[in-house]
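# Fold and contact review
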Amino acid sequence: MIYLTAAAAGHVNFTDLGLHPDVFSVGFFTLRWYSLAYISGILIGWWYLLKLLAQPGAPMAKRHGDDLVFYATLGIILGGRIGYVLFYAPEMLLHPLMILRLWDGGMSFHGGVIGTSLGIILFARKHGLNWLRIHDYVACCVPFGLFFGRLANFVNGELWGKPSDVPWAIVFPRTVAFPLADPARHPSQLYEAGLEGLLLFAILWFAFWRTRARYYPGRLVGLFLVGYGLARFTVEFFREPDSQLRAFAEATGLHMGQWLCVPMIAGGAYLIASSAGRRQRIESIAGMESVA
């Protein structure tokens with residue numbers, strides 16, 4: 001009955017879109033859209049980072065870019081996976097080999113943020129650089145990965161939203177137990193792609209290129225933390241909680257993702273508010289002119 005109602009209302013059926021998690025398969029090798037999203041986000045973010053470093057007052061030289069990408073990528077993968085296990089699937093600790101099965105999916109953005117931050121700190125210590133200013137520049141590049149990652153979630157037909165009758169709702173398959181019919185749902189993956197990817201990138205682009213925010217250590221990464229935290233916190237109201245954490249959401253009133261955003265928003269607000277006190281004459285690592 002629910003399915004018929006959704007169809008009668010003109011909602012799009014996900015299976016009619018012809019989307020598939022795999023890009024192509026050759027022998028034993030399969031390239032998935034989720035993997036391609038990670039690769040695209042890292043490569044485009046790397047390209048954009050080099051453009052940012054070409055501007056006056058950069059916290060490091062372009063030659064540091066390759067090394068930083070290695071540290072950041074390692075932090076994304078390890079932090080994202082460990083974060084997923086700790087925050088969303090602690091039962092995997094009883095089966096350690098499952099943690100290594102990255103191809104089965106399961107990555108936490110909040111864990112990735114922690115892992116990337118640790119990677120940047122190690123990188124900065126190795127080269128004697130200002131780790132907070134490097135965070136500012138890297139933060140401007142992260143929305144690329146968020147945008148592609150959420151699009152991949154949509155293509156995979158995962159992390160869908162709550163049932164809804166809005167005209168753009170989509171009927172995703174296998175969202176309820178058989179024999180119940182699948183209801184139309186919010187395409188929350190696209191909401192997140194728009195807010196965490198496009199809008200957040202636009203905000204950081206404006207702050208970097210049209211203001212002097214990059215000369216106030218911590219201001220850009222603070223904007224990122226607040227922007228992402230608010231976007232994710234909002235979209236979670238339209239998103240179905242993870243099945244294994246539904247009881248947690250009902251007991252606490254918020255999803256796990258929302259609780260994890262609270263310290264992000266608070267930390268970001270602190271970095272923005274305190275950034276003026278860290279303002280100093282910036283000497284460019286790349287050998288360009290200093291900025292008073």
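The rules behind each value
Residues numbered from 1 in each chain as written. Predicted model: local features only at pLDDT ≥ 70, side-chain atom pairs only at ≥ 80, totals over all residues. Heavy atoms only, no water. 1 Å grid on protein atoms, 1.4 Å probe; cavity = no way out; pocket = protein on both sides within 12 Å on 5 of 7 lines; lining within 4 Å. Points joined across faces, edges and corners; volume = space filled by probe spheres on them. Helix = DSSP H or I, 4+ residues; strand = E, 2+ residues; numbered from the N terminus. Disulfide = S-S within 2.5 Å. Expected span 1.5 Å × (residues − 1). Buried < 20%, exposed > 50% of the residue type's maximum accessible area, 1.4 Å probe, protein only. Contact = heavy atoms within 4.5 Å. Salt bridge = Lys/Arg side-chain N within 4 Å of Asp/Glu carboxyl O. Bend = angle between axes of the 7 residues up to and from the residue.

## Looking at empty space enclosed by the protein
Rolled over the atoms, a probe as big as a water molecule pinpoints where empty space is left. Tallied over the entire structure, the rule returns one cavity of 30 Å³ or more. By volume, the largest cavity is sized at about 70 Å³. Y88, R232, E236, R239, P241, D242, L245, F248, A249, H255, M256 and G257 together form the lining of the largest cavity. Mapped by element, the contributors of at least two residues to the lining of the largest cavity are α10 (246–252) and α11 (256–274).

## Observations concerning the state of the cysteines
On inspection of all chains with the given rule, the structure shows zero disulfides. Free cysteine C141: the closest other cysteine sulfur is in C140, separated by 6.4 Å. Take C261: it sits in no disulfide, and the sulfur closest to it among the cysteines is that of C140, at 19 Å.

## A look at helix α5 (residues 109–127)
An ideal rise of 1.5 Å per residue puts 27 Å on 19 residues; α5 measures up with 27 Å between its terminal C-alpha atoms. For α5, every residue scored as buried is listed here: F109, H110, G111, G112, V113, G115, T116, G119, I120, F123 and A124. Contacts from the buried residues of α5 go to α3 (65–87), α6 (131–139), α7 (142–156), α9 (219–235) and α11. Following α5 by one or two positions, G128 has its phi on the positive side, about 70 degrees.

## Some details on the pattern of salt bridges
Enumeration according to the criterion identifies ten salt bridges in this entry. When the shortest N-O distance is used, the salt bridge between R150 and E192 registers 3.2 Å. Note that R150 is positioned in helix α7 and E192 in helix α8 (residues 188–210), a separation of 42 residues in sequence. Here R150 falls in the buried class, since its relative accessible area comes to 10%. Of the residues examined, E192 reaches a relative accessible area of 1% and is grouped as buried. With its nearest N and O atoms 3.2 Å apart, the salt bridge here joins E240 to R185. Of the two residues, E240 is situated in the loop between α9 and α10 and R185 in strand β5 (residues 184–185); the sequence distance between them amounts to 55 residues.

## Some words on α8
The first and last C-alpha atoms of α8 sit 31 Å apart over 23 residues, in line with the 33 Å expected at 1.5 Å per residue. The largest bend in α8 amounts to roughly 30 degrees and is located at L200. Among all positions of α8, only S188, Q189, E192, A193, E196, G197, L200, L204, A207 and F208 are buried. Buried positions along α8 lie against α2 (33–53), α6, α7 and α9.

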